[in-house]
Amino acid sequence: MHGSRDLCLSRPSTSFAVLYLTFKFIHLLGVVILVGNVTVTAVWKVFADRSGDPRVIAFGQHLVTLTDWSLTLGGILLIAIGGFGSALVAGINPFGAGWLIWGQVLFVLSGLIWLFILIPAQIRQARQAREFAHSGEVPDSYKRDARLWIVWGIIATLPLLGATWLMVLKPL
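Chains are numbered independently. Their residues run from 1 in the order of the written sequence. The predicted nature of this model means local features are confined to residues of pLDDT at least 70 and side-chain atom pairs, given and counted, to a pLDDT of 80 or more, with totals for whole chains, interfaces and linings taken over all residues. Values reported for side chains reflect all heavy atoms of the structure, with hydrogen atoms and water molecules removed beforehand.

1. Section: the pattern of salt bridges
We define a salt bridge as a side-chain nitrogen of Lys or Arg found within 4 Å of a carboxyl oxygen belonging to Asp or Glu. Scanning the entire structure with this criterion turns up three salt bridges. Ionic pairing is found between Arg55 and Asp53, a salt bridge with its closest N-O pair at 3.5 Å. Under the relative-accessibility criterion, Arg55 is labelled exposed at 58%. Two residues, Arg124 and Asp145, come together in a salt bridge whose shortest N-O distance is 2.9 Å. One end of the pair, Arg124, is in helix H4 (residues 98-135); the other, Asp145, is in helix H5 (residues 140-169), and 21 residues separate them in sequence. Throughout this description, buried means an accessible area under 20% of the type-specific maximum (1.4 Å probe, protein chains only), exposed means over 50%, and partly exposed covers the range between. Owing to a relative accessible area of 9%, Asp145 belongs among the buried residues under this scheme. Strands are runs of DSSP state E lasting at least two residues, helices are runs of H or I lasting at least four, and both sets are numbered from the N terminus onward.

Pasting the structure below:
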């Protein structure tokens, strides 16, 4: 049984179906928020950085910080609450099926890239952006970190897409 429709139809309780589908909705909402935010943030940050205007770049960097603390972190929490909640309600071992295990491994892999590479680069960029917003000169170190951030950001997004693919198709 892979799909929610199978799970819901196998249980006579309407309250079960509602609870399961509510957790599944929370999970999917988290995926949309997380993947949407990391994708859109990368796009507008690249455009802000390419503008060459220190004030635009600093504002863009400020928004990266705000959206990461709200939308990225919020998406992660919704994914975890919805995923584990729906598994618990359905009686599914979240570490049983291959698609669940590998989906979580890819999710954690992306998180580790963010934790150890992207967030430190983002913190350095945010500090520098606050300074150059007033001084008017974007240092080479910011530009280096911006390139690192976009390359590793793309790399970190790929496991999220892989996890999404696994969750939808459940091939394992």
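2. Observations concerning the confidence of the model for the chain
The predictor attaches a confidence to each residue, called pLDDT, with possible values from 0 through 100. For the chain, mean pLDDT is 93; residues scoring 70 or higher make up 93% of the total. Low pLDDT (under 50) marks residues 1-6, which in the prediction has eight contacts with non-local residues, meaning those over four places away or in another chain. When checking whether two residues touch, look at their non-hydrogen atoms; a contact exists if any pair is within 4.5 Å.

3. Topic: the packing of helix H3 (residues 54-90) against H4
At their nearest, the axes of H3 and H4 sit 9 Å apart, and the two run at 155° to each other. With respect to H4, the element H3 is oriented roughly antiparallel. Taken as a pair, H3 and H4 cross one another with a handedness that is left-handed. Between H3, through Pro54, Arg55, Ile57, Ala58, Gln61, Val64, Thr65, Asp68, Ile76, Ile79 and Phe84, and H4, the contact on the second element is made entirely by Gln104, Phe107, Trp114, Gln122, Gln125, Ala126, Ala129, Phe132 and Ala133. Partitioned by chemical class, the residues of the contact of H3 with H4 number 13 nonpolar, five polar and two charged. Axis lines are fitted through C-alpha atoms, for helices just across the contact stretch, and the angle between N-to-C directions can take any value from 0 to 180 degrees. Angular relationships are summarised with four words: roughly parallel below 35 degrees, roughly antiparallel beyond 145, roughly perpendicular across 65 to 115, and oblique for the angles in between. A clockwise turn of the near helix away from the far one marks a right-handed crossing, whereas an anticlockwise turn of less than a right angle marks a left-handed crossing. Ten residues, namely Ala, Val, Leu, Ile, Met, Phe, Trp, Tyr, Cys and Pro, are considered nonpolar, four, namely Asp, Glu, Lys and Arg, are considered charged, and the remaining ones, Gly among them, are considered polar.

4. Here we look at the nonpolar core
The definition of a nonpolar core used throughout is a set of buried Ala, Val, Leu, Ile, Met, Phe, Trp, Tyr and Cys residues joined through side-chain atoms within 4.5 Å. By size, the foremost hydrophobic cluster in this structure holds 13 residues, and its most contacted members are Leu34, Val38, Trp114, Leu118, Trp149, Ala156 and Leu160. Where this core is concerned, the elements lending two or more residues are helix H2 (14-51), H3, H4 and H5. Residues contacting Leu34, with those up to four places away along its chain left out, are Thr72, Gly75, Ile76, Ile79, Phe107 and Leu160. Counting residues in each nonpolar core, the second largest holds seven residues, with Phe132, Val138, Tyr142 and Ala146 among its members.

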